[in-house]
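Chain residues, written in single-letter form:
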Amino acid sequence: MSELEVRELRYFIAVAEELNFGRAAQRLGMAQPPLSKAIAQMESRLDVRLLERTTRQVRLTKAGQVLLDQARIAVDAVHAAARRARRAGQPTPRLVVAVKPEGDAGLLREILAAYRGTGSHLPPPEVVVGGSGEPIAMLRDGRADVALLRSPFDGQGLDSQTLLVEPRLAVLPAAHRLAGHRRLRLTDLKGEPIPRWKGAAPSATAYSTGCDGAETGDGHTGLAPADIPEGPLVASVEQLLEVALGQAVAFLSLSTTKRHQRPDIAYRPVTGLSPSVVMVAWPETSRSAVVAAFVQAAHDVAAHHPDHMTALAY
């Protein structure tokens, strides 16, 4: 069996995502007949059906879903290899660090200082701030060398190291009926709408809404999706805080709440709510001494950070 080409994988990804040959052909900038022929040739060479076609719809088979998942990884890896090769050939090397707002638990500045203090032979770090999901996408496609992330995230193809584990707190309007409690249980929040983050994967949504199966502390599991009315979509902490003033409650990490103290908002610890884990991540294929120096700096800073043990024991 001959190997699949990147071009063919791109064709298949378009068809699998659109589930319509006409739209996929338009997306690829080609005519539909050669696209259909290319997919049929792939199925013949693989000796497996990838798509179920009827006159009314196109559906992925089990084999097609596997190929879609793997094709995305393969195409991203090819693009990443090209980007990293181009960057490696530049006369001035760079270290690109990806992070999203509030995603570093206040560690980034100290990590950068520790990295710079490692030696003058290291390239200067360039920090790129992206929205939800962007830092990990930048790692995968070669735009970034290393990233600071909060779990959960899809770690396939990445190596990572935990830096900090900190509790999450409930975010409530100061006048909320539960704001007078010193500590809450997850079940206290049953029926309260909770915002959804734009573009979040199902596992991330389960985490952000407290439905990720954490223990409540009394032997019972926490919230189920049916317990939580769907709140508005948000794209930033600022939006989330405005939403929490009247439309919904939410959960934020301890370090984030310290940066956003407001008299109209109450933060309360929640028994059984899973913590926020800050991690440093990099491509598992990386053999870069520069990346290794940054990871070591991150580890050293986190190990001696004054909030490290406080957060773990909160």
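Given the structure is predicted, the values throughout are model-derived calculations rather than measurements.

What counts and what doesn't
- Residues numbered from 1 in each chain as written.
- Predicted model: local features only at pLDDT ≥ 70, side-chain atom pairs only at ≥ 80, totals over all residues.
- Heavy atoms only, no water.
- Phe/Tyr/Trp six-rings, centres within 6.5 Å; stacked < 30°, edge-to-face > 60°.
- Lys NZ or Arg CZ within 6 Å of the ring centre and 35° of its normal.
- Salt bridge = Lys/Arg side-chain N within 4 Å of Asp/Glu carboxyl O.
- Buried < 20%, exposed > 50% of the residue type's maximum accessible area, 1.4 Å probe, protein only.
- Helix = DSSP H or I, 4+ residues; strand = E, 2+ residues; numbered from the N terminus.
- Pairing = 2+ DSSP bridges.
- Contact = heavy atoms within 4.5 Å.

1. A look at the packing of aromatic side chains
- Per the stated rule, a full pass over the model turns up one aromatic pair.
- Lying across the ring of Tyr207, Arg168 places its NZ or CZ 3.7 Å from the centre.

2. Some thoughts on the pattern of salt bridges
- Scanning the model with the defined rule gives 18 salt bridges in all.
- Between Arg23 and Glu18 there is a salt bridge, and its shortest N-O distance comes to 3.4 Å.
- Note on Arg23: relative accessible area 42%, which makes it partly exposed.
- In this structure Glu18 comes out as partly exposed when scored by relative accessible area, which is 24%.
- The salt bridge involving Glu242 is made with Arg262; its shortest N-O contact spans 3.1 Å. Taken together, the positions of Glu242 in helix α8 (residues 237-244) and Arg262 in the loop between α9 (254-259) and β12 (265-271) put the pair 20 residues apart, joining distant regions of the chain.
- When its relative accessible area of 46% is taken as the criterion, Glu242 is described as partly exposed.
- A cluster of three or more residues bridged by salt bridges with shared partners is formed by Glu17, Glu18, Arg23, Arg27 and Arg72.

3. Let's talk about the pairing of strand β5 (residues 146-150)
- For β5, the buried fraction is high: five of the five residues fall into the buried class.
- In β5, alternate side chains face the same way, and those of Val146, Leu148 and Arg150 on one face and Ala147 and Leu149 on the other are all buried.
- Relative to β5, strand β3 (residues 95-99) runs parallel, the two sharing two bridges. Following the sheet pairing, Val97 is matched in β5 by Val146.
- Sheet analysis places β5 next to strand β13 (residues 276-283), joined by four bridges and oriented antiparallel. Across the sheet, Arg150 pairs through a bridge with Val278, a residue of β13.

4. Focus: the sheet that holds β12
- Spatially, β8-β12-β7-β11 is the arrangement adopted by the four strands of the open sheet, whose pairing is mixed. In the strand order of this sheet, the two ends are held by β8 (184-185) and β11 (250-253), each with one partner.
- Of the pairings in the sheet, the one linking strand β7 (residues 168-173) to β11 comprises four bridges and is antiparallel in character. The residue of β11 that forms the bridge with Ala170 is Phe251.

5. Brief notes about the environment of Leu184
- With respect to the helices and strands, Leu184 occurs in strand β8.
- Take Leu184: its relative accessible area is 0%, and that puts it in the buried class.
- Dropping the residues within four chain positions of it, Leu184 is found in contact with Ala170, Leu172, Leu178, Leu189, Arg268, Pro269, Val270 and Thr271.

6. Considering unusual backbone geometry
- With an omega of 5°, the peptide bond between Ser151 and Pro152 qualifies as cis.
- When you line up the elements, Pro152 lands in the loop between β5 and β6 (158-166).
- In this structure, Glu102 takes a positive phi of about 70° despite not being glycine.
- When you line up the elements, Glu102 lands in the loop between β3 and α5 (108-116).
- On the basis of relative accessibility, which here comes to 14%, the residue Glu102 falls in the buried class.

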